Amino acid sequence: DRVYFRYSFLNGVPFAPSGIDMDRFTPGIERTFAGGMLSAELRVPFAATLDSNIMAGPGGFGGHNVEFGNVALFGKMLLYATDAVAFSGGVGVTLPTADDVNVRLANGTSLVRVANQSVHLKPYFSGLYTPNERFFAQGFLEVDTDLNGNATFANTGTGLTPIGRLNDASYLFADLGIGYWLQQRNDCNPIGIAPTVELHYNTSLQAADSVTAGALQLGNFGSNVEALNLTVGATLELGHSTNLSMGYITPIGGGADQQFDGGFRVMFDYRPTGAGAH
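Scope of this entry: the structure provided in the associated data block. In this text the structure is predicted, and so the values were computed from the model without any measurement.

**Notes on the packing of aromatic side chains**
Applying the stated criterion to the full structure yields seven aromatic pairs. When the ring of Phe-136 is compared with that of Trp-181, the centres are 6.0 Å apart and the planes differ by 45°; the resulting orientation is tilted. Linking Phe-136 in strand β12 (residues 135-146) with Trp-181 in the loop between β15 (171-180) and β16 (191-204), this pair joins segments that are 45 residues apart in sequence. Its relative accessible area of 11% is what places Phe-136 among the buried residues. Accessibility expressed as a relative area gives 4% for Trp-181, which makes it buried. Aromatic side chains Tyr-171 and Phe-173 sit 5.9 Å apart centroid to centroid with 20° between the ring planes, which places their arrangement in the stacked category. Here the aromatic residues Phe-5, Tyr-7, Phe-25 and Phe-46 are joined through ring pairs into a cluster of three or more. Here the basic side chain of Arg-6 rests over the ring of Tyr-4, its NZ or CZ set 4.5 Å away from the ring centre. Just above the ring of Phe-33 sits the side chain of Arg-31; from NZ or CZ to the centre is 5.7 Å.

In structure tokens:
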């Protein structure tokens, strides 16, 4: 059982031609059942990011705004566990609770609206390896699939009219991280310290969708997206119930698929029962 809060700062996110900075916040809660074999998790994200109401024309793209994100629910199961190895699997569902995207002229005329309607299904499989009390390695595979797409409207001269549905591309996410407890928490020492290194890879499984209405084209007309990011940081155990993790994130390889220039992340976990420290 745990409650947590995650904060990410990302620099140079390509939501605008010159890039913007984004602050992302994710509070969440997880509850276990069946002696720890099952759990349910709720994530409620929001961000200081590009305003979902965009002004077209010179100086467009508007400014920052605090935007509520898409709520996610996860169901998880511990599939197999020994003293050295554990495997889990489950599925998440992301619900369309964020605002629609609206593009308007300065006089208020609506040009484009993309209705946020997509429900995403996110099955995953993960593993943990702890051959001794200090070293650990963990990783996961996840597929994110858009089940229904987003209704898209454009002004072709007579106000907003439907022009089709934009479907988010399906994505594969893969992660591998390792760490080592330089200092372990015990009755005499309330703080544990473990440096960590993590590689995170994501790729689209098909080309991104697009729709057209006359000369207007909406969507991503590029090829598949592929990105690799490196995170270097540390996890601190603070007493029996609290973990604090911090890390710096940098893209590897760059190119058009780069999703940001660099970032910083902090994760705070509190376990009311004081169990499951690692």
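**Describing a nonpolar patch on the surface**
On the surface, a nonpolar cluster with roughly 610 Å² of combined accessible area is contributed by Val-3, Phe-5, Ile-29, Leu-42, Leu-73, Leu-95, Phe-268 and Tyr-270. Of all the secondary structure elements, the ones that give two or more residues to the nonpolar patch are β1 (2-13) and β21 (262-270). Mapped onto the elements, Ile-29 comes out in strand β2 (residues 20-33).

**Some words on the pairing of β2**
Remark: a regular strand shows side chains that alternate across the two faces of the sheet. Relative to β2, β1 is paired through ten bridges, and the arrangement is antiparallel. Opposite Leu-10, over in β2, you have Met-22 as the bridge partner. The turn joining β1 and β2, which pair antiparallel and follow one another in sequence, is formed by six residues; a positive phi near 80° is taken by Gly-19. Where β2 lies against strand β4 (residues 46-50), three bridges are found, and the strand directions are antiparallel. Residue pairing in the sheet places Arg-24 in a bridge with Ala-47 of β4. Note that β2 and strand β3 (residues 38-43) share six bridges and pair antiparallel. Paired with Thr-32 across the strands is Ser-39, a residue of β3. Joining the antiparallel neighbours β2 and β3 is a turn of four residues, in which Ala-34 adopts a positive phi near 55°.

Thresholds, definitions, all that
Residues numbered from 1 in each chain as written. Predicted model: local features only at pLDDT ≥ 70, side-chain atom pairs only at ≥ 80, totals over all residues. Heavy atoms only, no water. Phe/Tyr/Trp six-rings, centres within 6.5 Å; stacked < 30°, edge-to-face > 60°. Helix = DSSP H or I, 4+ residues; strand = E, 2+ residues; numbered from the N terminus. Buried < 20%, exposed > 50% of the residue type's maximum accessible area, 1.4 Å probe, protein only. Lys NZ or Arg CZ within 6 Å of the ring centre and 35° of its normal. Patch = residues over 30% accessible without salt bridge, like charges linked within 9 Å, V, L, I, M, F, W, Y side chains within 5 Å. Areas by Shrake-Rupley, 256 points an atom, 1.4 Å probe, with all protein chains shown as cover. Salt bridge = Lys/Arg side-chain N within 4 Å of Asp/Glu carboxyl O. Pairing = 2+ DSSP bridges.

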